[in-house]
Amino acid sequence: MIPEKERFEQIVDYYSGEYKKGLLGKKFPVKLYVYPSHIEGSGFAFIGTDLAAESDLYSIPFLQIRNIYNETIDGITGISIEYAGDSITTDKNKSKIFLPAITEPAKWVHLLSDIQKEIHEKELQTILLQQQREEHEKAQREYKEAESAKFYLDCFNFHIKNSTPQYELYKDKNKIALIYIDENKSLHFLKIDGDAKEEHNGVIPFDKIHYYEKAGNIHYVSEIHGNYSSYGGSVTAGNFSKLATAGGGLLFGMMGMAAGALLSYKPSQSENIQTNFSIDSDTKQIDSRNVMLNFYSDIKKQYIDIELPNDIYNFLQTHLPEKKYTIVLELEKKAAVSQAAKSLGERALLQAPSETAHQQLEDKQGSDSITDFKKKVEKLKIMKEAGLLSDDEFDAEKNKLLKMI
């Protein structure tokens, strides 16, 4: 088929005649119109090795022409044109038409051959230019990729050593988002994008980390679906969101909003692998459990909770065990009891009545036992309020003191 834009080309040359088959045979038109990109007209096609009984229209782009030459068939001289045709009944590389009784056949062979050669040279030049363009683009891509890889590796090796504990949130070619713990036990939120030549590192110092704990739960939802569907498996992945990016800016300030993007993630979704061919309902398990990290923000001047993926819990428990919620809670309770006991002792000293040394010596033995009893009662009371003693344990200890009176 000739492209529409080439149908209106200016004609180069043309021939119009006719061929009479046999002495009393029928006359058939023989035409050849030559354009810069193609030829068209009417002639006799070959069906296998036999010449067709009647002439037919043809239109052939020069790029499909394989050979042009003079030929004599059944005693009639003309020109034959071999080309790569579109027929599904013949070999595409051996399609052929014959223009019998055409005047000056050598002239037309020479003209068509020259145009064909020129077009093939232009086509070859176009192909070479395209190859050069592709090679240049490939070299540019390789250069940019090498630059991206170098930037990525330089940044990564600057932060991460062989012994550095790390937890990957997201990883792709020359891109990574991870959480790592440095030698001072500070928590780093690192993002490296080698393609964009960007690096962001948000830091929570160890002494600003309050605690981390598991939070959330698993729930189930029903889905109604129809027709054919096939699904299954689970998904857990790092994800960058605009909302988290804005939050990260507030948390980390000039350390970069991108650091905050590392704090968002997609919850795990687990479902049975199955295929359905009709309307049905399925129960899907949504795992919304996560890990809450509580830390003090110098920018916000308050404690802040951030969400981390559920499976980071073991990583934190391994490398920051002292910040586990239950351990922090126990230490804070002990500190509260110690402080309360200290404050109680100071109040007792401030409120003690002023007596003479003589009177103090006389009452020393009795007052020691009473003071000791009062201290034990106060300690029991403090421990119960701090949650270190249950009601039953408190009552048991109280009864022991009562028996001492």
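Thresholds, definitions, all that
Residues numbered from 1 in each chain as written. Predicted model: local features only at pLDDT ≥ 70, side-chain atom pairs only at ≥ 80, totals over all residues. Heavy atoms only, no water. Helix = DSSP H or I, 4+ residues; strand = E, 2+ residues; numbered from the N terminus. Buried < 20%, exposed > 50% of the residue type's maximum accessible area, 1.4 Å probe, protein only. Contact = heavy atoms within 4.5 Å. Polar contact = N/O pair within 3.5 Å; in protein donor to acceptor, adjacent residues only side chain to side chain. Pairing = 2+ DSSP bridges. Axes fitted to C-alpha atoms, helices over the stretch in contact; angles between N-to-C directions. Salt bridge = Lys/Arg side-chain N within 4 Å of Asp/Glu carboxyl O. Expected span 1.5 Å × (residues − 1). Core = buried A, V, L, I, M, F, W, Y, C linked by side-chain atoms within 4.5 Å.

A. Highlighting the environment of His 210. Within the element layout of this structure, His 210 appears in strand E13 (residues 209-215). We classify His 210 as partly exposed; its relative accessible area is 21%. Beyond its immediate sequence surroundings of up to four residues, His 210 is in contact with Asn 294, Phe 295, Tyr 303, Lys 323, Val 328 and Glu 332. In this structure the side chain of His 210 is engaged in a polar contact, spanning 2.8 Å, whose partner is the side chain of Glu 332.

B. Main features of the sheet that holds strand E9 (residues 166-172). A sheet is described by the order of its strands in space; here 4 strands give the open sequence E9-E10-E11-E12, paired in antiparallel fashion. Edge positions in the open sheet fall to E9 and strand E12 (198-204), since each of these has one partner strand only. On average, each strand axis in the sheet is inclined to that of its neighbour by 10 degrees, with strand direction left out of account. Strand direction decides the pairing type here: E9 and strand E10 (residues 175-181), joined by 6 bridges, are antiparallel. Note that in E10 the partner of Lys 171 across the bridge is Ile 176. Against the sheet, helix H1 (residues 105-159) contacts E9, E10, strand E11 (187-193) and E12, and its axis sits at roughly 170 degrees relative to E11.

C. The arrangement of the pattern of salt bridges in detail. Applying the stated rule across the entire model yields 10 salt bridges. Residues Asp 13 and Lys 107 are paired through a salt bridge, measuring 3.5 Å at the closest nitrogen-oxygen approach. Taken as a pair, Asp 13 in strand E1 (residues 13-20) and Lys 107 in helix H1 lie far apart in primary sequence, 94 residues in all. Taking the relative accessible area as the measure of exposure, Asp 13 reaches 23% and is therefore partly exposed. The partly exposed category is assigned to Lys 107, whose relative accessible area is 37%. Between Asp 154 and Lys 150 there is a salt bridge whose closest N-O contact spans 2.9 Å. Separated by 4 residues within a single helix, Asp 154 and Lys 150 lie in helix H1, roughly one turn from each other. Assessed through its relative accessible area of 44%, Asp 154 is described here as partly exposed. The exposure class assigned to Lys 150 is exposed, which follows from its relative accessible area of 54%.

D. Molecular detail of H1. Under the 1.5 Å per step criterion, the end-to-end length of H1 is 80 Å for 55 residues, consistent within 8% with the ideal 81 Å. Where H1 is concerned, the buried positions are Pro 105, Trp 108, Val 109, Leu 112, Ile 115, Gln 116, Ile 119, Ser 148, Tyr 152, Cys 155, Phe 156 and His 159.

E. Expanded view of the nonpolar core. Core analysis: the biggest nonpolar cluster contains 24 residues, and Leu 32, Val 34, Ile 39, Phe 62, Ile 79, Leu 99 and Leu 112 have the highest contact counts within it. At the level of secondary structure, the elements contributing two or more residues to this core comprise E1, strand E2 (27-34), strand E3 (38-47), strand E5 (56-61), strand E6 (65-73), strand E7 (76-83), strand E8 (95-100) and H1. With 5 residues, the single largest contributor to this core is H1. Discounting residues that sit within four places of it in the chain, Leu 32 has contacts with Asp 13, Tyr 14, Tyr 15, Ile 39, Glu 40, Tyr 58, Ile 79, Leu 99, Ile 102, Trp 108 and Leu 112. In this structure, Phe 295, Ile 304, Tyr 313 and Phe 315 belong to the second largest nonpolar core, which totals 21 residues.

F. Region of the structure containing the sheet that holds strand E18 (residues 290-297). If you trace the 3 strands from one edge of the open sheet to the other, you get E13-E18-E19, paired in antiparallel fashion. Each end of this open sheet is capped by a strand with a single partner; those strands are E13 and strand E19 (302-309). Averaged over all pairs of adjacent strands, the angle between their axes in this sheet comes to 25 degrees, without regard to strand direction. Here E13 pairs with E18 via 6 bridges, running antiparallel. In the strand pairing of E18, Tyr 212 is matched with Leu 293.

G. Molecular detail of the side chain of Thr 164. Of note, Thr 164 is situated in the loop between H1 and E9. One polar contact links the side chain of Thr 164 to the main-chain amide nitrogen of Lys 161, over a distance of 2.9 Å. Discounting residues that sit within four places of it in the chain, Thr 164 has contacts with His 159, Tyr 180 and Ile 181.

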